[in-house]
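Single-letter residue listing:
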Amino acid sequence: MQNPTQYAPCPNCGQSNAKKVSFIWLGGALGPSMFTHVKCQNCNTEYNGKTGKSNQQNTVLYFVVSFVVSFVVVFCLCGGFALLNMLGNS
Ligand SMILES: [Zn+2]
């Protein structure tokens, strides 16, 4: 038994001719594979090919998470060095 449609139909126009998006500006290269991010060839709506729902929330979440992670990493690096300096000076 094979599913004729590779991805869930478009939430906007109902077509199932979506193509997987390999790159989105917010999620980078990792985001699309995480969310099965596909784009409708008919109306250019981008959505989740697995659930047929918009990926906007996920993309925002992914953006927030990656932003927080990079912030924490930078903060830890800078804070770590500052802390080492403080410890070294005391
Ligand atoms: Zn569509």
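In this report, we go over the structure that sits alongside the text. (Residues numbered from 1 in each chain as written. Predicted model: local features only at pLDDT ≥ 70, side-chain atom pairs only at ≥ 80, totals over all residues. Heavy atoms only, no water.)

1. Structural notes on the coordination of the zinc ion
Using the following cut-off: Only nitrogen, oxygen and sulfur atoms qualify as donors, and only when within 2.8 Å of the metal (3.2 Å in the case of Na, K and Ca); with water excluded, sites may look incomplete. By the criteria applied here, four donors are tetrahedral when all angles lie between 85 and 135 degrees, four are square planar and six octahedral when opposite donors are over 155 degrees apart and every other angle lies between 65 and 115, and any other arrangement is irregular. In this text, helices come from DSSP runs of H or I with a minimum length of four residues, and strands from runs of E with a minimum of two, each type numbered from the N-terminal end.
In this structure, C10 (SG), C13 (SG), C40 (SG) and C43 (SG) serve as the protein donors to the zinc ion, at separations of 2.2 to 2.3 Å. Of note is the zinc ion, whose four donor atoms meet at the metal with angles of 106 to 114° in an arrangement that counts as tetrahedral. If you list the donors of the zinc ion from N- to C-terminus, the spacing comes out as C-x2-C-x26-C-x2-C. Pair noted here: C13 is in the segment before β1 (19-20) and C43 is in the loop between β2 (37-39) and β3 (46-48), with a separation of 30 residues, a long-range link.

2. A word on the sheet that holds β1
Our working definition: Note: two strands are recorded as paired if DSSP finds a minimum of 2 bridges between them.
The three strands are arranged β1-β2-β3 in an open sheet whose pairing can be described as antiparallel. The open sheet has two free edges, formed respectively by β1 and β3, since each of these has just one partner strand. Note: β1 against β2, two bridges, orientation antiparallel. The partner of K19 across the bridge, within β2, is K39.

3. Quick word on the nonpolar core
Considering soluble globular proteins, one finds that nonpolar side chains tend to be buried as a cluster. Keep this limit in mind: Take the buried Ala, Val, Leu, Ile, Met, Phe, Trp, Tyr and Cys residues and link them wherever side-chain atoms come within 4.5 Å; each set so joined is a nonpolar core. Buried residues are those whose accessible area, probed at 1.4 Å on protein chains only, stays under 20% of the maximum for their type, while exposed residues exceed 50% and partly exposed ones sit between those limits. In what follows, residue pairs with any heavy atoms lying within 4.5 Å of each other are defined as contacts.
Counting residues in hydrophobic clusters, the biggest one holds six residues: Y7, C10, A18, V38, C40 and Y47. Residues contacting Y7, with those up to four places away along its chain left out, are S16, A18, K20, T36, V38 and G49.

4. Description of the side chain of H37
The cut-off we apply is this: What qualifies as a polar contact is a pair of N or O atoms within 3.5 Å, subject to a donor-acceptor requirement within protein and to the restriction that residues adjacent in sequence count only when both atoms come from side chains.
Mapping H37 onto the fold places it in strand β2. A polar side-chain atom of H37 sits 2.8 Å from a polar atom in the side chain of E46.

5. Quick look at a nonpolar patch on the surface
Quick reminder of the rule: The residues that make up patches have over 30% relative accessible area and no salt bridge, and they are joined within 9 Å when like-charged or within 5 Å when they are Val, Leu, Ile, Met, Phe, Trp or Tyr. Using the Shrake-Rupley algorithm and a 1.4 Å probe, accessible areas are obtained, with residue cover drawn only from the displayed protein chains. By definition, a salt bridge exists where a carboxyl oxygen of Asp or Glu is found within 4 Å of a side-chain nitrogen of Lys or Arg.
A grouping of L61, V65, V69, V73, L77, F81, L83, L84, M86 and L87 is seen on the molecular surface, where their side chains present a nonpolar patch of about 1,000 Å² in accessible area. Relative to the helices and strands, M86 resides in helix α2 (residues 56-89).

Structural measurements only, silent on function.
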